[in-house]
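A structural walkthrough
Spelled out from the first residue to the last, the chains are:
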Amino acid sequence: MTDPDEGTTRDAKLRQQTARARAVEERLERSLSLLRGVVETTTDGLMVVDRTGKITLVNERLLALWDLHVQEVEGADEREILDAMIAHVEDPDGFRAGVLGLQDQPQRESMDVIRLRDGRAYERHTRPQRIGDAVVGRIWSYRDVSEQERLLRRAVFLADATQLLVSVDVERALDAVAKLMVPDFADRCIIDLVDEGTPRRSLAVSRASRSPSSFAVHPCVLEGQPVLYQVGSTSHLGVPIGVEDHVIGAVTLAAHPHRKYTQIDLELAEELGSRIGLCIDNARLHQRARDALRIRDELLSIASHEIRGPMTSLHLAVQLLRAGHIPPHAQASTLDLIEREGQRLSRLVDELLDVGRIRAGTLRFEFEDVDLGEVVHDVTSRLGLELARAGSALVLELEDRVRGVWDRRRLDQIVTNLLSNAIKFGLGRPITVSVSTRDELAILVVSDQGMGMTAEVRARIFRPFERGVPVRHYGGLGLGLYIVKTLVDGFGGHISVESTLGTGSRFTVELPRVRTADADGAIDPRR
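Basis of the calculations
- Residues numbered from 1 in each chain as written.
- Predicted model: local features only at pLDDT ≥ 70, side-chain atom pairs only at ≥ 80, totals over all residues.
- Heavy atoms only, no water.
- Helix = DSSP H or I, 4+ residues; strand = E, 2+ residues; numbered from the N terminus.
- Rg over C-alpha atoms; globule rule 2.2 N^0.38 Å.
- Buried < 20%, exposed > 50% of the residue type's maximum accessible area, 1.4 Å probe, protein only.
- Contact = heavy atoms within 4.5 Å.
- Salt bridge = Lys/Arg side-chain N within 4 Å of Asp/Glu carboxyl O.
- Patch = residues over 30% accessible without salt bridge, like charges linked within 9 Å, V, L, I, M, F, W, Y side chains within 5 Å.
- Areas by Shrake-Rupley, 256 points an atom, 1.4 Å probe, with all protein chains shown as cover.
- Lys, Arg positive; Asp, Glu negative; His and termini not counted.
- Charge placed at Lys NZ, Arg CZ, Asp CG, Glu CD.
- Pairing = 2+ DSSP bridges.
- Axes fitted to C-alpha atoms, helices over the stretch in contact; angles between N-to-C directions.
- Core = buried A, V, L, I, M, F, W, Y, C linked by side-chain atoms within 4.5 Å.
- Phe/Tyr/Trp six-rings, centres within 6.5 Å; stacked < 30°, edge-to-face > 60°.

Here we look at the overall build of the protein
The helix and strand tally for the protein stands at 16 helices and 17 strands. Over its C-alpha atoms the protein spans a radius of gyration of 43 Å, topping by over 25% the 24 Å that the globule rule assigns to 527 residues. The principal-axis extents of the C-alpha atoms in the protein amount to approximately 175 × 55 × 40 Å. Within the protein, the fraction of its 527 residues that count as buried is 40%. Counting only contacts in the protein whose residues sit at least 6 apart along the sequence, the fraction spanning at least 24 positions is 59%.

Focus: the pattern of salt bridges
Pairing is possible between side chains of opposite charge, provided their charged atoms come close. This structure, assessed with the given rule, holds 19 salt bridges. E149 is the salt-bridge partner of R115, the closest N and O atoms lying 2.7 Å from each other. Pair noted here: R115 is in strand β3 (residues 110-115) and E149 is in helix α6 (residues 146-164), with a separation of 34 residues, a long-range link. Take R115: its relative accessible area is 31%, and that puts it in the partly exposed class. For D369, the salt bridge is made with R403, and the minimal N-O distance between the two is 2.7 Å. Residue D369 is located in strand β11 (residues 368-371), and its partner R403 is located in strand β13 (residues 403-406); the two are separated by 34 residues in the primary sequence. Among the residues examined, D369 registers a relative accessible area of 48% and is labelled partly exposed. By relative accessible area, R403 is classed as partly exposed at 24%. One connected set of salt bridges, linked through shared partners, spans D369, D371 and R403.

Description of a negative patch on the surface
Taken together, the side chains of E90, D91, D93 and D184 present a region of like negative charge at the surface. Residue classification places D184 among the exposed residues on the basis of a relative accessible area of 52%.

Overview of the sheet that holds strand β12 (residues 394-398)
Spatial strand order, β12-β14-β15-β17-β16: five strands in an open sheet with mixed pairing. At either margin of the open sheet sits one strand with a lone partner, and together these are β12 and β16 (494-500). Neighbour-to-neighbour, the strand axes of this sheet turn through a mean angle of 10°, independent of strand direction. Where β12 lies against strand β14 (residues 431-438), five bridges are found, and the strand directions are parallel. When the sheet's bridge partners are listed, L394 is paired in β14 with I431.

So, the nonpolar core
With 43 residues, the main nonpolar core has L372, L411, I414, L418 and L444 as its most contacted residues. Contributing elements (two or more residues each) for this core: α10 (328-360), α11 (372-382), α13 (408-425), β14, β15 (441-448), α16 (480-490), β16 and β17 (504-512). Of the residues forming this core, the biggest block, seven residues, is contributed by α13. Excluding residues that lie within four positions of it along the chain, L418 makes contacts with L444, V446, L481, V484, I495, F507 and V509.

Observations regarding the packing of aromatic side chains
By the definition in use, this model includes nine aromatic pairs. An angle of 50° between the planes, with centres 5.6 Å apart, marks the rings of W66 and F95 as tilted. Linking W66 in the loop between α2 (60-65) and α3 (70-73) with F95 in helix α5 (residues 92-100), this pair joins segments that are 29 residues apart in sequence. Assessed through its relative accessible area of 0%, W66 is described here as buried. A relative accessible area of 2% means that F95 is categorised as buried. Taken together, the ring pairs in this structure connect W66, F95, Y122 and Y142 into an aromatic cluster.

A look at the pairing of strand β1 (residues 45-50)
With five of six residues buried, β1 is to be regarded as a mostly interior element. Relative to strand β5 (residues 134-144), β1 is paired through six bridges, and the arrangement is antiparallel. If you follow M47 over to β5, its bridge partner there is W140. Here three bridges tie β1 to strand β2 (residues 55-58), and the two strands are oriented antiparallel to one another. By the bridge assignment for β2, V49 is matched with I55. A loop of four residues connects β1 with β2, the two strands running antiparallel in sequence, and G53 in this loop sits at a positive phi of about 95°.

Given below as structure tokens:
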């Protein structure tokens, strides 16, 4: 017979055990709930694999990072998920080796960065899962560090590019920068520089062996607008290369397969385009400085040579006159020599002063009503002795009353320089000066039958210090035609030259007879 008190005691103990079990179960459920909450709210993608290679836990973040579905993962083998992940990475073999290489090293921890084909980057960290001292599996975590990687790579890339672009050798600098972009940032890179409004392909770099130059600059880029666009299945971007407010070139990039350029990529390329523009501008300024130094040295050399000649003649003539070594019948010619050499010196000084005023933008016009034919008569009378010494016959074809609003002194200078040029290079043959009108233009033509010039000389004849013949044979500063063109431009007119070697030259000046908006009384040194 059972003791009632003993039964009651057993029931009480059973109830206590049940209550304790429920409490433990509730605590366990709360712990599991807390663990699930932590696992699901972390920004890392987590995956736990047991020692047999079975996946025991993944969170939603991992599924999102690798574009997986929960049905693919539940109860799956690690190798199956590994294959799905490998489809997204740039280096499949390296990714696989990083996972499988740890299977024989259960105690090892590791961390690396995985780069995806679409440009993203994941930081991968793994450590063993332990229960006590026993390793029962492995925990993998993936963190999206694309933004940090982008900022770091952007800073490093721009620093490297800036270092390369310090060079004043533009072609070499652009080639180095293009190779810096390929293959890390682009599959193909093309840089075009604008030459007289038309893009000129400067260089093209491609990761593959195929030609990278098969695509053109996007029209928006030439208008100064950066652009993202597609060509077939390939993502492209284009950015202008600018100096101040002018588009001087373009950078065009084609992305790797599976990658699509974003606004962030476009901003990086814009910054690069800006730095390339600074490089080109600095190189041009450097070249201008070198040209200026070269011109200065040439000017000093030529000017000293040109001034020494008349100064020597003047000095010798004065010494002979003072010493009484010149007979009376020869004194008139000696005085003519002194006057001629003095005028030559005066012209040299005037040319140098005019160039200085042109460069400084201080050469100004005094406009008045002028008869071009009268100016031509004055100049030909003044240069009569030079024409006679050269042996050139002068033919004047002057239309009556060709009047306009010009600066008489500067118009005289244009005619003088053109006629002096014809006398110097006319080889003693006839020279023709004509004045006529066409519509609202006055036309001045000075032509000779002398040595003429080649096409290469014609292309540069109006530049300062340029000449088509050796200075030791013909002298001069090489400024006369440069000054003529500058003055004609200042009048709002146009000058051109027709010439072939051995048949002479024909200079044609077209001047508006009324004052134009371009002729504002001052010379713009940027012309």
